[in-house]
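Observations on the three-dimensional arrangement
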Amino acid sequence: MTNDKPEDAPVFLRPITADKLSLTRGFAAWLAGHGASLAFSSYQSGRVYLAGVDDKGRVAILEIITGRAMGLWASDQRLVLATHNQVWQYENALMPGQVLDGKDRQFIPRTATTTGDLDIHDIAVDGTGRIVFVNTLFSCLATLSPRYSFTPLWKPPFISRLAAEDRCHLNGLALRDGVAAFVTATSRSDTVNGWRARRAHGGTVIDVASGEFVTEKLSMPHSPRWHDGKLWVLNSGSGHLGTIDLAAGRFEPFVFCPGFLRGLAFHKHFALVGLSLPRDGSFTGLALDEELKTRDADPWCGVQVIDLRSGDIVEWLRFEEGVTELYDVAVIPGVRNPGAIAPSAPELSNIITIDLAGEGLRA
């Protein structure tokens, strides 16, 4: 994986060089064998990364410069990404079975909706095809509007009004049967930035339909996901992936990962978890700090693949330099080696496709 552009040349999409990351020997075989590729976002580096397998059986990782990259949703034909002040929708430009320069998908930025800086965290496409996102600044769930910055859909009952104050640090969204079902927040605070004093304790999971707390016993929870009949969540303040006992309101740790956890996706009987380094050099005040010391472990930034049958970390990818924080992880099912074009890339001027199924041409 090399980059033959000079260092001072503008780069919009490029492969990651080998000195920037390390990974397990079986990572390429895992991707190919399970028929999937990955996408993960980093607001710190301002990039989205696509990981697939090239025609020589090697892991191929592309970085796409997007600006602040946050919540990410993927299907085999589409990517949806939240950035600093916009939501981008990327669509696959290749026909079924078409391969272009070794890529079996080429995601093109087709639609950008300007929202302003809402500090969007998780984002998803619900069962009706509507984009739903966590509007962290205004402490609510929202959707896109053609006229306004956003249309609010729901807010926690303890939030007294919509205000640009990031009161509880609402961040995570889980769909169940295509409907927004659970959210995570760092606290139940109803004052400006009140959550910052509640990082170690008081993290919540909330049932969207009832507005009730499922639990208030977490530490900076992120990335709730409904999978195989269970609600999974990252208890980021302790470094654990686990499930929520909905009846007892109890978090049940499943596996520890050495980093601040954000980004969770599932594929078959595997979980894929994003890990980040501490922003200020330590996790002071969080249980994660003690967990690392107990295990004599250093935190790191990357993605780990966990076998849900055993709890073993079977594959991993780790950034060695440049990237220190990830936000989201998504699986692109049925895709071997995805490509994409950055919104500011000059190549977009020459990529033109035609919808021949439209109504515009009649004999």
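Residues numbered from 1 in each chain as written. Predicted model: local features only at pLDDT ≥ 70, side-chain atom pairs only at ≥ 80, totals over all residues. Heavy atoms only, no water.

**Details of unusual backbone geometry**
This is how the line gets drawn: Helix and strand definitions here come from DSSP, where helices need a minimum of 4 consecutive H or I residues and strands a minimum of 2 consecutive E residues; each element is numbered from the N-terminal end. Partly exposed residues are those whose accessible area sits between 20% and 50% of the maximum for their type, while under 20% is buried and over 50% is exposed, using a 1.4 Å probe and protein chains only.
One non-glycine residue, D177, lies in positive phi territory at about 55°. Topologically, D177 is positioned in the loop between β14 (170-176) and β15 (179-185). You will see that D228, though not glycine, has its phi angle at about 55°, which is positive. You can see D228 is positioned in the loop between β18 (221-227) and β19 (230-235). Residue D228 is classed as exposed on the basis of its relative accessible area of 69%.

**Thoughts on the environment of R68**
Stated precisely, the cut-off is as follows: Here, two residues are considered to be in contact whenever any of their heavy atoms come within 4.5 Å of each other. In protein, a polar contact requires one atom able to donate a hydrogen and another able to accept it; more generally it is a pair of N or O atoms within 3.5 Å, and residues adjacent in sequence count only if both atoms are side-chain atoms.
Structurally, the position occupied by R68 is in the loop between β5 (59-65) and β6 (72-74). Classification of R68 as partly exposed rests on a relative accessible area of 30%. The spatial distance from the C-alpha of R68 to the C-alpha of R47 is 7.0 Å, given a sequence separation of 21 residues. Filtering out sequence-adjacent residues up to four positions away, R68 remains in contact with Y43, G46, A82, T83, H84 and D119. In terms of polar contacts, R68 uses its side chain to reach the side chain of D119, at 2.9 Å.

**With respect to the sheet that holds β18**
As a reminder, the rule being used: Here a strand pair is declared whenever DSSP counts at least two bridges between the two strands. A fitted line through C-alpha atoms represents every axis, and for helices the fit uses only the stretch in contact; the resulting angles, taken between N-to-C directions, go from 0 to 180 degrees.
Pairing in this open sheet of 4 strands is antiparallel, and the strands run β18-β19-β20-β21 from one edge to the other. Whereas interior strands pair on both sides, the edge strands pair on one side only; in this sheet they are β18 and β21 (250-256). The average angle at which neighbouring strand axes cross in this sheet is 30°, direction not considered. Relative to β21, strand β20 (residues 240-245) is paired through 6 bridges, and the arrangement is antiparallel. By the bridge assignment, H240 is partnered in β21 with F256.

**Regarding the sheet that holds strand β25 (residues 313-319)**
Strand order in the open sheet formed by 5 strands is β2-β25-β24-β23-β22, and the pairing between neighbours is antiparallel. Every interior strand has two partners, whereas the edge strands, β2 (21-23) and β22 (260-267), have only one. Neighbour-to-neighbour, the strand axes of this sheet turn through a mean angle of 15°, independent of strand direction. Strand direction decides the pairing type here: strand β23 (residues 270-276) and strand β24 (residues 301-307), joined by 6 bridges, are antiparallel. Of the residues in β24, the one forming a bridge with F270 is D307.

**Some details on the pattern of salt bridges**
Pairs can form between side chains of opposite charge once their charged atoms are near each other. Rule in force here: Salt-bridge detection follows one rule: a side-chain nitrogen of Lys or Arg within 4 Å of a carboxyl oxygen of Asp or Glu.
All told, the structure shown has 18 salt bridges when counted by the stated rule. A salt bridge links R295 to E291; its shortest N-O distance comes to 2.3 Å. Taking the relative accessible area as the measure of exposure, R295 reaches 41% and is therefore partly exposed. E291 gets classed as partly exposed once you look at its relative accessible area, which sits at 22%. Linked by salt bridges that have partners in common, D122, R225 and D328 make up one network.

**Examining the pairing of β20**
Across the 6 residues that make up β20, a large majority, 5, are buried. Alignment of β19 against β20, held across 4 bridges, turns out to be antiparallel. Of the residues in β20, the one forming a bridge with V233 is G242. Remark: 4 residues form the turn of the hairpin made by β19 and β20, two consecutive strands paired antiparallel; G239 in that turn has positive phi of roughly 85°. Adjacent in sequence and paired antiparallel, β20 and β21 are bridged by 4 residues, among which G249 carries a positive phi angle near 65°.

**Here we look at the state of the cysteines**
We apply this condition: Any two cysteine sulfur atoms within 2.5 Å of one another count as a disulfide.
The final tally for this structure, using the stated rule, is 0 disulfides. Of all cysteine sulfurs in the structure, the one in C168 sits closest to C140, which takes part in no disulfide; the separation is 9.7 Å. On the basis of relative accessible area, C168 is assigned to the buried category, the value being 0%.

**What to know about the packing of aromatic side chains**
Working definition: an aromatic ring pair is given by the centre-to-centre distance plus the angle between the planes. Rules: Pairs were defined over the aromatic rings of Phe, Tyr and Trp, the Trp ring being its six-membered one, requiring ring centres within 6.5 Å. Orientation was assigned from the angle between planes: stacked under 30 degrees, edge-to-face over 60, tilted for the rest.
One pass over the structure, following the stated rule, counts 11 aromatic pairs. Between F40 and F319, the ring centres sit 6.2 Å apart and the planes meet at 70°, which makes this aromatic pair edge-to-face. Of the two residues, F40 is situated in strand β3 (residues 36-42) and F319 in strand β25; the sequence distance between them amounts to 279 residues. Taking the relative accessible area as the measure of exposure, F40 reaches 0% and is therefore buried. Relative to W226, the ring of F182 has its centre 6.1 Å away and its plane inclined at 15°; by these criteria the two rings are stacked. Of the two residues, F182 sits in strand β15 while W226 sits in strand β18, which places them 44 residues apart along the sequence. Relative accessible area serves as the criterion here: at 4%, F182 is assigned to the buried category. Relative accessible area serves as the criterion here: at 23%, W226 is assigned to the partly exposed category.

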